[in-house]
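# Results of the structural survey
As a plain string of letters, each chain reads:
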Amino acid sequence: MAENSSKTLYQALWNSADILRSKMDANEYKSYLLGLVFYKYLSDKMLYHAAELLEQPTQDLQTAQKLYEEAYQDEEIKEDLLQELQYDSSYTIAPKLTFTVLVNAIHNGEFQLEDLAQGFRNIEQSSEVFENLFEDVDLYSKKLGSTPQKQNQTIADVMKELSAMDIAGHEGDILGDAYEYLIGQFASESGKKAGEFYTPQPVAQLMTQIVLHNKEDQRGFSVYDPTMGSGSLLLNVKKYSNEPGTISYFGQELNTSTYNLARMNMILHGVDITNQHLHNADTLDQDWPTEEPTNFDGVLMNPPYSANWSADKGFLEDARFSPYGVLAPKSKADFAFLLHGFYHLKDHGVMAIVLPHGVLFRGNAEGKIRKILLDMGAIDTVIGLPANIFFNTSIPTTVIVLKKGRPTKDVLFIDASKDFRKVKNQNAIDPEHIQLILDAYIKRESKASYAHLASFDDIVANDYNLNIPRYVDTFVEEESIDLVALGKEMVELNAEIKKAEQEFLAMLDELAVTDETKDLIEATKEVFRG
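Rules used in this analysis
- Residues numbered from 1 in each chain as written.
- Predicted model: local features only at pLDDT ≥ 70, side-chain atom pairs only at ≥ 80, totals over all residues.
- Heavy atoms only, no water.
- Axes fitted to C-alpha atoms, helices over the stretch in contact; angles between N-to-C directions.
- Helix = DSSP H or I, 4+ residues; strand = E, 2+ residues; numbered from the N terminus.
- Parallel < 35°, antiparallel > 145°, perpendicular 65-115°, else oblique.
- Left-handed = near helix turned anticlockwise from the far one by under 90°.
- Contact = heavy atoms within 4.5 Å.
- Nonpolar A, V, L, I, M, F, W, Y, C, P; charged D, E, K, R; others polar.
- 1 Å grid on protein atoms, 1.4 Å probe; cavity = no way out; pocket = protein on both sides within 12 Å on 5 of 7 lines; lining within 4 Å.
- Points joined across faces, edges and corners; volume = space filled by probe spheres on them.
- UniProt positions renumbered as here; feature names shortened; annotations may be inferred.
- Expected span 1.5 Å × (residues − 1).
- Pairing = 2+ DSSP bridges.
- Buried < 20%, exposed > 50% of the residue type's maximum accessible area, 1.4 Å probe, protein only.
- Arc of directions from axis to C-beta.

### Things to note about the packing of helix α10 (residues 201-212) against helix α11 (residues 232-240)
- Orientation of α10 relative to α11, taken along the N-to-C sense of each, is 60 degrees, at an axis distance of 9 Å. In terms of orientation, α10 lies oblique with respect to α11. Both α10 and α11 take part in a crossing whose hand is right-handed. Every residue of α11 that contacts α10 at Q201, A204, Q205, M207, T208, Q209 and L212 is listed here: S232, L233, N236, V237, K239 and Y240.
- Residue composition of the contact of α10 with α11, by class: six nonpolar, six polar and one charged.

Rendered as structure tokens:
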């Protein structure tokens, strides 16, 4: 991602947020900002592509707009152009509704909110991919202003700020970058709600590389995230696969706004509609997917920590939970999420899930589930991450790697809790820290104060408790002290001090004594004579 591009993006988001901050909380204005960023992305991308199709490529939006308007007026060109745009991108925007034209109208004092609303509707109706995509962006909300004029002005002000961004030319994950920036900047305002869906990129990169290890060249790799949030975990697979165009993405999300965000993210990343399988529903309440395919090569999860769930007794008949004979506690759904993901893992697949440390040692129902998983050899690796690396919580977390059909029941423990960089109020994991973890995961051998390959007997001896300090001893023994040498050094120091005092007293005797200094000199001598 180009540095200048990022600065422009962040500054535009900050300025836009300033406009909305006094009107609503951060969790609400995030939807407006990301929705408008997405509309601008679609508009800019279409204009540049239209210019290419007209064989007059340009990097200037106003020039592209003019070319598009002229072609739209030409009946001989218009139909073919619109068909090609629809075929390539599954949508078109009328020239009078592009983001560029709407911003021009704002500058001319002619902007009407209804034009933007119509643009949203046209996009949503152009393809199933875009259906209801902007439903969270209420352009007529009273929070934007008490009158239609004030609502018009608020959105116009935000669009003017966002118009500075070169969205189509932005390298990397623009929506992810924008989302992470908003969460990072406004976490204190939005609280837990805004941050509970986002997995920091370093953690996402680590989990993805573990799940994709030795499968980078696999065509048709399928990946599933039952609590996908904005889809960043799923989309990371694209970065590390050598066959990115063949990946199938399966994801489910409870929050409708966040579900729409994940859909936008898929579109921004150019994921073909046939490879997107996203769903808006409660993962625990109702199993999904239930139609083929139901098992996946990789499962990636960062569920909400220790969330409440119904734990209804009927779930004991659910194939996801029935083999364990007990259910995760009502007040801690951590193992319910884990078992859901594990159920949908292929026999040779790999699953990585982030959870709080409590799942490693809590007893009762959770202890029983953990014991069964360990008896099955399902838990492959436990990685302790540094505390305070997530936006919404400072608690330390762990990545648990699970596999089916392993020939052994040993567990690799990696304690990476001390490998981080302090950044303001948070800790950050750098690429070298991730590489250390990956190296340890791949080598799968013990390393002093960092990793330990525990046998199944070790696990049983620890009563199936997986608390990392039981296996990885990070205690650093203090160097032993040579008392003889220390005593000799103290004698030498005392001699030097005594000598310095005698020299100082001798110097005092040589001073000229006056009525003003007499008492001070005598008092000083008394101190040093002891």
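Continuing now.
### Topic: the layout of surface pockets
- Each pocket or cavity is described by its volume, and for the second largest pocket that value is around 450 Å³.
- Around the second largest pocket, the lining comprises 30 residues; the ones closest to its centre are T227, L254, D282, P304 and F337.
- Elements supplying a minimum of two residues to the lining of the second largest pocket: α11 and β2 (248-253).
- For the lining of the second largest pocket, a count of residues per class yields 13 nonpolar, twelve polar and five charged.

### Thoughts on the UniProt feature "domain: N6 adenine-specific DNA methyltransferase N-terminal" (unreviewed entry) in the chain
- UniProt marks residues 11-161 with the feature "domain: N6 adenine-specific DNA methyltransferase N-terminal" (unreviewed entry), using the numbering shown here.
- This span, residues 11-161, is 69% helix and 0% strand, and a straight line between its end C-alpha atoms measures 9 Å.

### Things to note about helix α2 (residues 26-53)
- A rise of 1.5 Å per residue sets the reference length of α2, with its 28 residues, at 40 Å; its end C-alpha atoms lie 40 Å apart and thus fit the reference within 8%.
- Downstream of α2 by a residue or two, E55 has a phi angle that is positive, lying close to 60 degrees.

### Side note on the sheet that holds strand β7 (residues 397-403)
- Taken in spatial order, the nine strands of this open sheet run β3-β2-β1-β4-β5-β7-β6-β8-β11, and their pairing is mixed. The outermost strands of the open sheet, each flanked by one partner alone, are β3 (276-280) and β11 (451-454). Put simply, the sheet's adjacent strands are angled 10 degrees from each other on average, direction ignored.
- By the bridge criterion, two bridges tie strand β1 (residues 222-225) to strand β4 (residues 296-301) in an arrangement that is parallel.

### Quick look at helix α15 (residues 431-443)
- Helix length check: α15, at 13 residues, gives a terminal C-alpha distance of 18 Å against a target of 18 Å (1.5 Å per residue), a fit within 8%.
- All buried positions along α15 are accounted for by H433, I434, I437, L438, A440 and Y441. Here the buried residues of α15 occupy an arc of 160 degrees about the axis, which is enough to place them on one side. α15 presents P431 and K443 as exposed residues on the side facing more than 90 degrees away from its buried surface.
- Positive backbone phi, approximately 50 degrees, marks R444, located one or two places after α15.

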